[in-house]
Amino acid sequence: MLRFFTDKSPQAVPAQPIQPLPLSPADLAAAPDHSLWRLGHSTVLFKLDGAFLLTDPVFGQRASPFSFIGPKRFHAPPIALDDLPPLDVVIISHDHYDHLDRSTVIALQQRTKLFITPLGVGQRLQDWGIPADKIHQLDWWQGVTAGPLHITATPAQHFSGRGLRDGNRTLWASWVIGSSQSRVFFSGDSGYFDGFRQIGLRHGPFDLTLLENGAYNEDWADVHMHPEQTLQAHLDLRGEVLIPIHNGTFDLALHGWTEPLERISTLAARHAVSLRTPRFGERLDILHPAQTQPWWRQSEAGRPRLGAIAHPDPLPETD
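Computed from a predicted structure; not experimentally measured.

Caption draft 1: Structural detail: the nonpolar core. By size, the foremost hydrophobic cluster in this structure holds 28 residues, and its most contacted members are Phe46, Ile116, Ile151, Trp175 and Ile177. With 24 residues, the next largest nonpolar core counts Ile79, Leu84, Phe115 and Leu125 among its residues.

Caption draft 2: Representation of the side chain of His203 within the structure. Looking at where His203 falls in the secondary structure, it is placed in helix H5 (residues 195-203). Classification of His203 by relative accessible area gives buried; the value is 17%. Those residues in contact with His203 that lie beyond four places of it in its chain are Trp141, Thr152, Thr154, Val176 and Arg183.

Caption draft 3: Fine view of the pairing of strand E9 (residues 174-178). In terms of residue burial, E9 counts as a mostly covered element, since five of its five residues are buried. Burial along E9 is two-sided: Ser174, Val176 and Gly178 and Trp175 and Ile177, pointing in opposite directions, are all buried. Here strand E8 (residues 149-154) runs beside E9; their pairing, made up of five bridges, is antiparallel. In the sheet register, Thr154 faces E9, and the bridge partner there is Ser174. Sheet topology note: the E9/strand E10 (residues 183-186) ladder contains four bridges and is antiparallel. Its bridge partner being in E10, Gly178 is matched across the sheet by Arg183. What sits between the antiparallel neighbours E9 and E10 is a turn of four residues.

Caption draft 4: Expanded view of the sheet that holds strand E7 (residues 143-146). Taken in spatial order, the seven strands line up as E7-E8-E9-E10-E11-E12-E13 in an open sheet, and their pairing is mixed. Looking at which strands have only one partner, the edges of the open sheet turn out to be E7 and strand E13 (274-275).

Caption draft 5: Region of interest: the sheet that holds strand E14 (residues 283-285). Judged by pairing direction, the sheet is mixed, and its seven strands sit side by side in the order E6-E5-E4-E3-E2-E1-E14 without closing on themselves. Looking at which strands have only one partner, the edges of the open sheet turn out to be strand E6 (135-138) and E14. Direction aside, the axes of adjacent strands within the sheet are offset by 20° on average. With four bridges joining them, strand E2 (residues 44-48) and strand E3 (residues 51-55) adopt antiparallel strand pairing. Its bridge partner being in E3, Phe46 is matched across the sheet by Leu53.

Parameters and conventions
- Residues numbered from 1 in each chain as written.
- Predicted model: local features only at pLDDT ≥ 70, side-chain atom pairs only at ≥ 80, totals over all residues.
- Heavy atoms only, no water.
- Core = buried A, V, L, I, M, F, W, Y, C linked by side-chain atoms within 4.5 Å.
- Buried < 20%, exposed > 50% of the residue type's maximum accessible area, 1.4 Å probe, protein only.
- Helix = DSSP H or I, 4+ residues; strand = E, 2+ residues; numbered from the N terminus.
- Contact = heavy atoms within 4.5 Å.
- Pairing = 2+ DSSP bridges.
- Axes fitted to C-alpha atoms, helices over the stretch in contact; angles between N-to-C directions.

Just distances and angles here, no functional claims.
Here it is in structure tokens:
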């Protein structure tokens, strides 16, 4: 905790406000199937086979149990909660505050058909007033069909808890999202482990992998991946296109806010991995993803750049 106050990067927050692309209900209605929009930290909206699916919905101002303190978001959501379409599925990876926001979930209740969670997380939702018949809880490797989609909970290496006395009482998971024409992997939070290779063998290859890339540090390397590990996880999963998430919305570590995106961009180019970094609110075609731009540099315009970040770490060794 002391290091969070004394050892922060001078670029921990953007020099200028991040400007997401505004997203309207008309935009969503007109969008073709197999589209996605990154709305925030790990909040991603999908349109698949006519169904709308949302991951880890956090629309609140802070990733915190308190409204007056804690990590504050760098940007407004590209679309207001009330403007979201009726949702067929909301997936929640685990119960940490930057992935599960109580006020957002309560607001989504009336427009969501089904909440899919790891074991135990669904009980939290019931405690908040979400009807049990709207919740489906899964263990690792279990799946459920929701309309035209098939959702499978897969392993992750992380932890859970929202207070001082409830550590690891609920499960955490990564997710496989299957539609008629696409297969997507959503990591939630995880350290690097051999489970990515197992998931790739059992459920890959993937058209897209949405992988955690941000809020890392050697002090907690078992539960969050460094960019080198994010890239290796994508390769283990047999992914075609990598989209780094878990960055650009909250200050949750000691590194600069742009560092995860710069490092993964350099690594992807070095290893010939197809990378896409859409702006918040920008539509991406899952089957034919267009090239994207390094949007984060616009919010750093005018601030002197630090020296080049040297990270000689090799990719993790795999058997």
